[in-house]
Amino acid sequence: MQETTDTVSPSADPVSTAANPVPPSADPVSTAAQPAPVAGRQRLYRRFGKAERIGHIGLGISFIGLAITGLPLLYSQEPWARWIAHSMGGFEATGFLHRFFALVMIVLFAWHLARVFRRIIVDRDLGMLWGPYSMVPQPRDARDVYQNIRYFLGKGEPPRFERYTYWEKFDYWAVFWGMAIIGGSGLILWFPEFFTRFLPGWTLNLASVIHGLEAVLAVGFIFTIHLFHNNLRAEKFPMDTVMFTGYVTEDELRKERPDEYERLQREGSLKEIEVEPVKPSLLNAGRIYGVAVNLLGVILVGLMLYALLG
Ligand code: HEM
């Protein structure tokens, strides 16, 4: 992402008026269609609010905490697992830390659900259920998948994405099924006396197997596909900072989500979401966190593969 130290006055914007929309046929990735950056700077547009960014950072920290404390329990026969557990004060302390991070994740998830329900029920914001701001899969997602496959096969143009792509929706819903499976089985392991009041004893064994398998799947997916796709692509390398800053550059919005850009232009709302850049120190903190998480993730996947294959 390109950083700026200043933003451009919206009134100087040569393209963000409804009178001057980008024609629908314009190539989303063509540089010829790009606006000339004014004085070498780009406009920045808000994509995520504070709550979403805090939620994502918290989810990232709790997930990595759960992975670092969970994998040594799963592969406790491995020398590296014993080393990690002993550095955290032993296996018992590792189990305690695991429960602590689990609590953080559960609280964050409950907070997210409460916000979603408040917006739907109290604020009557039905845009949460359908339309560009909704995470609910919609017919255009199916069309985008089809068009994307055609594009990969060299048989057409890339899809003109709106606010959320189909893979972003997939990532979002994966947390829900993950919380149900890994969170549900984790709670059974945490409170076995309570759950065996109404569940047969063998469900404890089943919960242990399911929890371990889903952990391998989650760690494998998040630290390969999710991290590589969001940070290590050529356009984003070494990392996409949008989850820290909350904004994207005008170029990013036009190239990556041309249908959203055009809609915002038509609605005349681009000016409303134009923001100032964050402090460089905050951006650097985000980069350090991101690179550290990427590195830790790659190491954990490597150790997991080593244990699985060994
Ligand atoms: C958020 C809900 C979660 C809860 C309530 C939870 C709870 C637990 C509990 C109570 C244990 C047993 C710990 C012990 O033996 O001392 C455990 C084990 C484990 N957890 Fe979690 N956990 C959660 C999420 C996760 C996540 C997201 C991961 C992976 C990133 C994970 C990976 C593991 C692994 C690998 C084990 C070892 C399983 C085994 O020994 O067979 N957990 N978890």
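Quick caveat: nothing in here was measured; it's all calculated off a predicted structure.

1. Notes on the overall build of the protein chain
Check the secondary structure of the protein chain and you find 11 helices and 2 strands. Start at the N end of the protein chain and walk to the C end: the helices and strands fall as β-α-α-α-α-α-α-α-α-β-α-α-α. Of all 310 residues assigned to the protein chain, the portion counted as buried reaches 21%. Long-range pairs, those at least 24 residues apart, make up 73% of the contacts in the protein chain with a sequence separation of at least 6.

2. As for the site of the ligand
Close contacts around the ligand come from 25 residues, with Gly70, Gly95, Ala102, Gly186 and Ala215 the closest. Elements supplying a minimum of two residues to the shell around the ligand: α1 (50-74), α3 (91-122), α5 (166-190) and α7 (202-231). Looking at the shell around the ligand, the element that brings in the most residues is α1, giving 7 residues.

3. Comments concerning the packing of α1 against helix α11 (residues 280-309)
Between α1 and α11, the shortest axis-to-axis distance is 11 Å and the interhelical angle comes to 30 degrees. As the angle between them shows, α1 and α11 are arranged roughly parallel. The handedness of the crossing between α1 and α11 is left-handed. In contact with Gly60, Ile64, Ala67 and Leu71 of α1, α11 contributes Val293, Leu296, Leu300, Leu303 and Met304. Split into classes, the residues belonging to the contact of α1 with α11 amount to 8 nonpolar, 1 polar and no charged.

4. Quick word on the packing of α7 against α11
The N-to-C vectors of α7 and α11 enclose an angle of 140 degrees; their axes lie 10 Å apart at closest approach. Taken together, the axis directions place α7 and α11 in an arrangement best described as oblique. Crossing of α7 against α11: the hand is left-handed. Contact residues: Val216, Val219, Gly220, Ile222, Phe223, Thr224, Leu227 and Asn231 in α7; Gly290, Asn294, Gly297, Val298, Leu300, Val301 and Met304 in α11. Grouping the constituent residues of the contact of α7 with α11 by class yields 9 nonpolar, 6 polar and no charged.

5. Digging into the environment of Asn231
You can see Asn231 is positioned in helix α7. Remark: the alpha-carbon pair of Asn231 and Gly290, spanning 59 residues in sequence, is separated by 8.7 Å. Ignoring sequence-local partners within four residues, the contact set of Asn231 consists of Lys236, Phe237, Pro238, Met239, Asp240, Gly290 and Asn294.

6. A closer look at α11
An ideal rise of 1.5 Å per residue puts 44 Å on 30 residues; α11 measures up with 43 Å between its terminal C-alpha atoms. Residues of α11 that are buried: Gly290, Val293, Gly297, Leu300, Val301 and Met304. Turning to α11, the residues buried within the fold contact α1 and α7.

7. Some details on unusual backbone geometry
Cis geometry marks the peptide bond from Phe237 to Pro238; its omega dihedral reads 0 degrees. Counting through the fold element by element, Pro238 comes out in the loop between α7 and α8 (242-245). The residue Arg124 is not glycine, and still its phi comes out positive at about 55 degrees. Mapping Arg124 onto the fold places it in the loop between α3 and α4 (139-152).

Cut-offs and rules
- Residues numbered from 1 in each chain as written.
- Predicted model: local features only at pLDDT ≥ 70, side-chain atom pairs only at ≥ 80, totals over all residues.
- Helix = DSSP H or I, 4+ residues; strand = E, 2+ residues; numbered from the N terminus.
- Buried ≥ 20, exposed ≤ 12 C-beta atoms within 10 Å, placed from the backbone.
- Contact = placed C-beta atoms within 7 Å.
- Near = placed C-beta within 6 Å.
- Axes fitted to C-alpha atoms, helices over the stretch in contact; angles between N-to-C directions.
- Parallel < 35°, antiparallel > 145°, perpendicular 65-115°, else oblique.
- Left-handed = near helix turned anticlockwise from the far one by under 90°.
- Nonpolar A, V, L, I, M, F, W, Y, C, P; charged D, E, K, R; others polar.
- Expected span 1.5 Å × (residues − 1).

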